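Structural characterization, general
Here's the letter readout for the chains.
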Amino acid sequence: MSRYDLLIIGGGVNGLGIAADASARGLSVLLVEKGDFGGGTTAASSRLIHGGLRYLQYGEIDLVRESLRERGLLVRQRPHLVRPIRLLIPAYQGQQPAAWVMGAGLKAYDLLAHDPVFPPSQRLPPAALPRYEPGLSLAGLTDGFLYSDGQVEFPERLCVELTRETRAAGGTALNHTRVTALRTEGSRVTGTSLRDELTGRAWEVEAALTLNAAGPWVDAVNRLLPGTLPRLVGGTWGSHVVLPPREAGPRGPLYALARRDGRPFFLLPWDGRLLVGTTDVPFEGDPDTLRVQDWEVEYLLAETNALFPGCGYTPADVLHTTIGVRPLPASDRSAGAITRRHFLVDHARLHGLQGLGSVVGGKLTTYRSLAEETVDWVFRNLSHPSVPPPCPTRRILRFPSPEEMTDDCEAALARFGAAPGSGARLARLHGPRWPELLERVRQEPELARPLFSGSAALAVEAVHAVETEGARTADDVIRRRLMLLPAPAEAAESVVELCAQRGLSVVKARDRQ
Ligand SMILES: Cc1cc2nc3c(=O)[nH]c(=O)nc-3n(C[C@H](O)[C@H](O)[C@H](O)COP(=O)(O)OP(=O)(O)OC[C@H]3O[C@@H](n4cnc5c(N)ncnc54)[C@H](O)[C@@H]3O)c2cc1C
């Protein structure tokens, strides 16, 4: 039976962040994910790398400070994935918090951030707003603010990078591999039973320490133990809709307060379209059973149309929806007021159960610091040196921005007849790893063609996704490597055919929708 220092359950951004950090610090690591890497909550987020302006309202200064620090690190470490954005906040008569409170909050946010990459906030007179957003409703508009935050268009690709970093450092990360049981000896968790969800193969592994990083599934995983552990997660679900851009619609990112219930929501230009969300509804149950509700679509469209009256979006315009459960700590507070801080639950200390820790809460933004803290804890719990080796992910490696890489990438691909724009696409999705795809095209120049007729993605991206990026199903390739959301039916056919011609195994099975 294989034995590891650390077994991580859950391949979302947090589990993968921990796996990459722990492997780089020399631990033998196995991470297992029942679906695809990043396909859980991570893919259902608003895709913001943000300090959490709203958390100031609840006095969570430390969390805001940590998030702002991480935002600054990520935008420098992974400029092809994380970029600064400038959001507009329109303030209308009667809205709470009042404009002056909003202005004061933004000033505090600026002071906490103090980062030249993110310019400070700015108050705008209402008359100036149409310059930024010509389609914005002016009825009752009293104020406007601009402020800075970050956007990670494709957290799925961040997860792919973390998987590769884990493997490069000697760790193992398996997708479509479910933990079906946690094995115990006395009061110690010693390992797990695993099942490959695509092949049905079942096997067992042993680990000195097991970390449950299953996000909103944390309690479901802990229920695999014979005893009863207290409930840790009290999540809220949130949905988004993706809409086509409209002439009368938003030009840039907005943070607005909903007219119906005063809740904040975002309108974010995203991959050439508009991402609008989110809702925030208390949820107990199996996140796999959740479906976006009609009332959520109606609510998000109504709020978008109220802000941009010329848009007239209807449910028929919705291109794509996402739903996910925020893995928040169990609490009696209202959904918006529950802390977004993360906690590491040490089951040995709290429940007399050795060899197991659970990660609760956290944000996309703070995955790196969560990983750093967790791996320090892992070292303290293993009979490894009591002073953990320094965390390698704090270092800022200066990568070129996608803009700096695009020209070289375009020119190199043009030599193989790739369509204009392909270079910009690869620089954006692969960052400094784009030469790997070029090398594959050199070996097989016909891979420079589009994946299917009219596709912006190249055939080489699909082959690379299976050969190098751990994709095992057509949806892994399309939705979480090539980021074609939504994709036409022929995309899956093309992926399967392309891979079959090269003897690569890829399953056509669709994600559970
Ligand atoms: C609507 C919404 C909007 C959000 N917006 C933002 C935002 O803009 N910015 C931000 O910073 N944060 C945001 N968040 C929070 C952020 O998305 C999450 O905190 C983060 O993605 C959690 O990552 P995770 O790895 O802990 O969980 P997940 O990504 O859910 O990963 C856990 C994984 O565990 C796997 N798993 C479960 N059971 C098993 C098992 N038995 N065996 C193996 N694997 C298993 C699941 O398949 C899943 O992939 C948002 C969250 C939601 C829901």
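See above for the structure.
In this convention, every chain numbers its residues from 1, walking through the sequence in written order. For this predicted model, a pLDDT threshold of at least 70 governs which residues receive local features, and a threshold of 80 or more governs which side-chain atom pairs are given and counted, while totals over whole chains, interfaces and linings are taken from all residues. Computation of side-chain values covers all heavy atoms of the structure but excludes hydrogens and water.

1. Brief notes about the packing of helix α13 (residues 459-467) against helix α15 (residues 489-501)
Which entries qualify depends on this criterion: Only the stretch in contact is used when a helix axis is fitted, and all axes are lines through C-alpha atoms; the angle between N-to-C directions ranges over 0 to 180 degrees. A run of DSSP states H or I qualifies as a helix once it reaches four residues; a run of E qualifies as a strand once it reaches two. Both are numbered from the N-terminal end. Put simply, angles under 35 degrees are roughly parallel, angles over 145 are roughly antiparallel, angles from 65 to 115 are roughly perpendicular, and the rest are oblique. Helix crossings get a hand from a simple test, with the near helix turned counterclockwise from the far one by less than a right angle marking a left-handed crossing and a clockwise turn marking a right-handed one. Throughout, a residue-residue contact means that at least one pair of heavy atoms, one from each residue, lies within 4.5 Å. Lys, Arg, Asp and Glu make up the charged group, whereas Ala, Val, Leu, Ile, Met, Phe, Trp, Tyr, Cys and Pro make up the nonpolar group; the residues left over, Gly among them, are polar.
The interhelical angle for the contact between α13 and α15, taken along N-to-C directions, is 65 degrees, at an axis separation of 10 Å. Classified by the angle between their axes, α13 and α15 sit roughly perpendicular to one another. Crossing handedness for the pair α13 and α15: right-handed. Every residue of α15 that contacts α13 at Ala459, Ala462, Val463 and Val466 is listed here: Val495, Leu498 and Cys499. Partitioned by chemical class, the residues of the contact of α13 with α15 number seven nonpolar, no polar and no charged.

2. Some words on the site of the ligand
Here is the rule we go by: Being near a molecule or strand, for a residue, means having at least one of its heavy atoms within 4 Å of it. Whenever a nitrogen or oxygen atom comes within 3.5 Å of another N or O atom, the pair is scored as a polar contact, on the condition that within protein one atom can donate a hydrogen and the other can accept it, and that pairs from neighbouring residues in sequence are kept only if both atoms are in side chains. Here the open area of atoms and residues is found with the Shrake-Rupley method and a 1.4 Å probe, where only the protein chains shown may cover a residue.
Contacts to the ligand come from 39 residues, most closely from Glu33, Thr41, Thr42, Gly362 and Thr365. Within the side chain of Glu33, a nitrogen or oxygen atom sits 2.7 Å from an oxygen atom of the ligand. At a separation of 2.4 Å, an oxygen atom of the ligand approaches a polar side-chain atom of Thr41. In the complex, the protein chains occlude 96% of the 1000 Å² of accessible area that the ligand would expose alone. Only α1 (13-24), β8 (177-185), β11 (236-243) and β16 (320-326) provide two or more residues apiece to the shell around the ligand.

3. Some words on the packing of aromatic side chains
Put simply, the rule is: Working definition: rings of Phe, Tyr and Trp (its six-membered ring) pair if their centres are within 6.5 Å, and the pair is stacked with planes under 30 degrees apart, edge-to-face with planes over 60 apart, and tilted otherwise. The buried label applies to any residue whose accessible area, calculated with a 1.4 Å probe on protein chains only, is under 20% of its type's maximum; exposed applies above 50%, and partly exposed to all values in between. Two limits define a charge over a ring: the Lys NZ or Arg CZ must be within 6 Å of the ring centre, and within 35 degrees of the ring normal.
Taken as a whole, this structure holds five aromatic pairs when the rule is applied. Geometrically, the ring pair formed by Tyr109 and Tyr147 is edge-to-face, given 6.0 Å between the ring centres and 70 degrees between the ring planes. Separated by 38 residues along the polypeptide, Tyr109 in helix α3 (residues 99-113) and Tyr147 in strand β6 (residues 141-152) bring together distant segments of the chain. Classification of Tyr109 as buried rests on a relative accessible area of 2%. Looking at Tyr147, the relative accessible area reads 2%, which means it is buried. Seen from their ring centres, Tyr147 and Tyr255 are 6.2 Å apart, and the 90 degrees between their planes marks the pair as edge-to-face. One end of the pair, Tyr147, is in strand β6; the other, Tyr255, is in strand β12 (residues 254-257), and 108 residues separate them in sequence. The two residues Tyr147 and Tyr255 agree in class, both being buried. Connected via pairs of aromatic rings, a cluster forms that spans Tyr109, Tyr147, Tyr255 and Phe266. Sitting over the ring of Tyr92, Arg259 keeps its end group 4.5 Å from the ring centre.

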